[in-house]
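# A closer look at the structure
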Amino acid sequence: MASQIPSALLIDIDGTLFGPEQSASSRVLEAVSAANERIPVALASGRQVQEVGRVARAIGLNGLHIGDNGASMVNADTRETLHSEYIPTSLVKHIVDTANNAETAYFASQNGSNADSLSILEPDGVSLITIMVENIDAALEWQGKFAPEDICSVPSTGSLGECYVNFTRARVDKGRGVKKFAHELGADTQKIVAVGDGYNDLSMFNAVGMPIAMGHAPEAVKAHAVHVVAPVESDGLAEAIERFIMQ
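The sections below set out a description of the structure shown in this document. All figures in this text were calculated on a predicted structure; none of them were measured in a lab. Counting restarts for each chain: residues are numbered from 1 in the order of the written sequence. The model is predicted, so local features are restricted to residues of pLDDT at least 70 and side-chain atom pairs to those at 80 or more, both for listing and for counting; the totals for chains, interfaces and linings are taken over all residues. Calculation of side-chain values draws on the structure's entire complement of heavy atoms; hydrogens and water are dropped beforehand.

### Concerning the side chain of S109
Our working rule: A run of H or I in DSSP counts as a helix once it spans at least four residues, and a run of E counts as a strand once it spans at least two, with each numbered from the N terminus. Whether two residues touch is decided by their heavy atoms; if any such pair falls within 4.5 Å, the residues are in contact.
The residue S109 is located in strand β6 (residues 106-110) in this model. Each residue touching S109, except ones within four places of it in the same chain, is listed here: Q48, V49, D68, G125, V126, S127 and L128.

### Considerations on the nonpolar core
For clarity, the cut-off: Only buried residues count toward a nonpolar core. Its members are Ala, Val, Leu, Ile, Met, Phe, Trp, Tyr and Cys residues joined through side-chain atoms within 4.5 Å. Think of it in three bands: residues with accessible area under 20% of the maximum for their type are buried, residues over 50% are exposed, and the middle band is partly exposed, with areas taken using a 1.4 Å probe on protein chains only.
L9, L17, V32 and L43 are the most contacted members of the largest nonpolar core, which has 32 residues in total. Taken together, the elements giving at least two residues each to this core come down to β1 (8-11), α1 (26-38), β2 (41-43), α2 (49-58), β11 (192-196), β12 (210-213) and α8 (236-244). Per-element tally for this core: the top contributor is α8, with 5 residues. Ignoring anything within four residues of it in the chain, the contact list for L43 reads I11, I13, L17, V52, V55, A56, I59, L61, H65 and I66.

### Thoughts on the packing of aromatic side chains
By convention here, two paired aromatic rings are described through the distance between centres and the angle between planes. Selection rule: Between the rings of Phe, Tyr and Trp (Trp by its six-membered ring), a pair exists once the centres lie within 6.5 Å; its type follows the angle of the planes, with under 30 degrees stacked, over 60 edge-to-face, and the other angles tilted. Charge-over-ring placement is defined geometrically: NZ (Lys) or CZ (Arg) within 6 Å of the ring centre, and within 35 degrees of the ring normal.
Taken as a whole and judged by the stated rule, the model has 2 aromatic pairs. Seen in terms of ring centroids, F107 and Y164 are 6.1 Å apart; in terms of plane orientation they differ by 80 degrees. Their pairing is edge-to-face. With F107 in strand β6 and Y164 in strand β10 (residues 163-169), the pair connects residues that are 57 residues apart, well separated along the chain. For F107, a relative accessible area of 27% gives the class partly exposed. Aromatic pair F146 and F167: ring centres 5.1 Å apart, planes at 75 degrees, arrangement edge-to-face. Taken together, the positions of F146 in the loop between α4 (136-143) and β9 (151-157) and F167 in strand β10 put the pair 21 residues apart, joining distant regions of the chain. Across the pair, exposure class does not vary: F146 and F167 are buried alike. Sitting over the ring of W142, K145 keeps its end group 5.2 Å from the ring centre.

### Concerning unusual backbone geometry
Its identity as a non-glycine residue notwithstanding, Q22 has a phi of 60 degrees, on the positive side. With respect to the helices and strands, the residue Q22 is situated in the loop between β1 and α1. Even without a glycine there, the phi angle at H83 is positive, about 55 degrees. Positionally, H83 belongs in the loop between β5 (81-82) and α3 (89-101).

### Looking at the pairing of β10
Inclusion rule: The criterion for strand pairing is that DSSP finds at least two bridges linking the strands in question.
Within β10, 6 of the 7 residues are buried, which leaves it mostly tucked inside the rest of the structure. Note: strand β8 (residues 126-133) against β10, 5 bridges, orientation antiparallel. When the bridges of β10 are listed, M132 appears paired with Y164. Note: β9 against β10, 7 bridges, orientation antiparallel. The residue of β10 that forms the bridge with P155 is V165. Connecting β9 to the antiparallel partner β10 that follows it, the hairpin turn spans 5 residues, and G161 within it adopts a positive phi of roughly 90 degrees.

What follows is the structure in structure tokens.
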């Protein structure tokens, strides 16, 4: 793929675009803008889908973006949520009851908007439930509470190092979001570049032709990448764009 012009660039937000300061450096923003002039650039995040759209608009990206860990897409221009895949109502109730019994905080993406634990009165239209946990080991324990054939559960980390476990409908993950995005774009997934740093990026890495891991990513994530760039604090995303998009 090195001699080919990529058909698109997908960028994770937390730990890839944003570091601990919850913002992108000027070098990263300049690189993203330059790439966007050459090929479609989209965000692909575990963040709530409308929040993904807000971040996209803030850094000058339009078009479609992947949110809710692959369960939804948003059009940053119209702010319309597209292709939402909802968790079955019975499973939403089960996850919420389990979290409440464990006195564990959570939030959800419900009908395209954010809902905290006090807001989910009717468990319909929920595309993502995010449980807040102390560390990755705790996230893995939460994964074990639910059968994978019933629900997709994936650990993730935020820009500040905080840990979560994300629940989406069974077989719905960033990889599925990539395929829907590519279909809308009319793009070949094997010509897409994706940059990420977390466990929830693995399915995205497996769906594209050039997966690139950030330097601070866990070794299990790096093992699924074809290239590794600098950590987020050293502008690894800008490095990836300069080396593999702008050459």
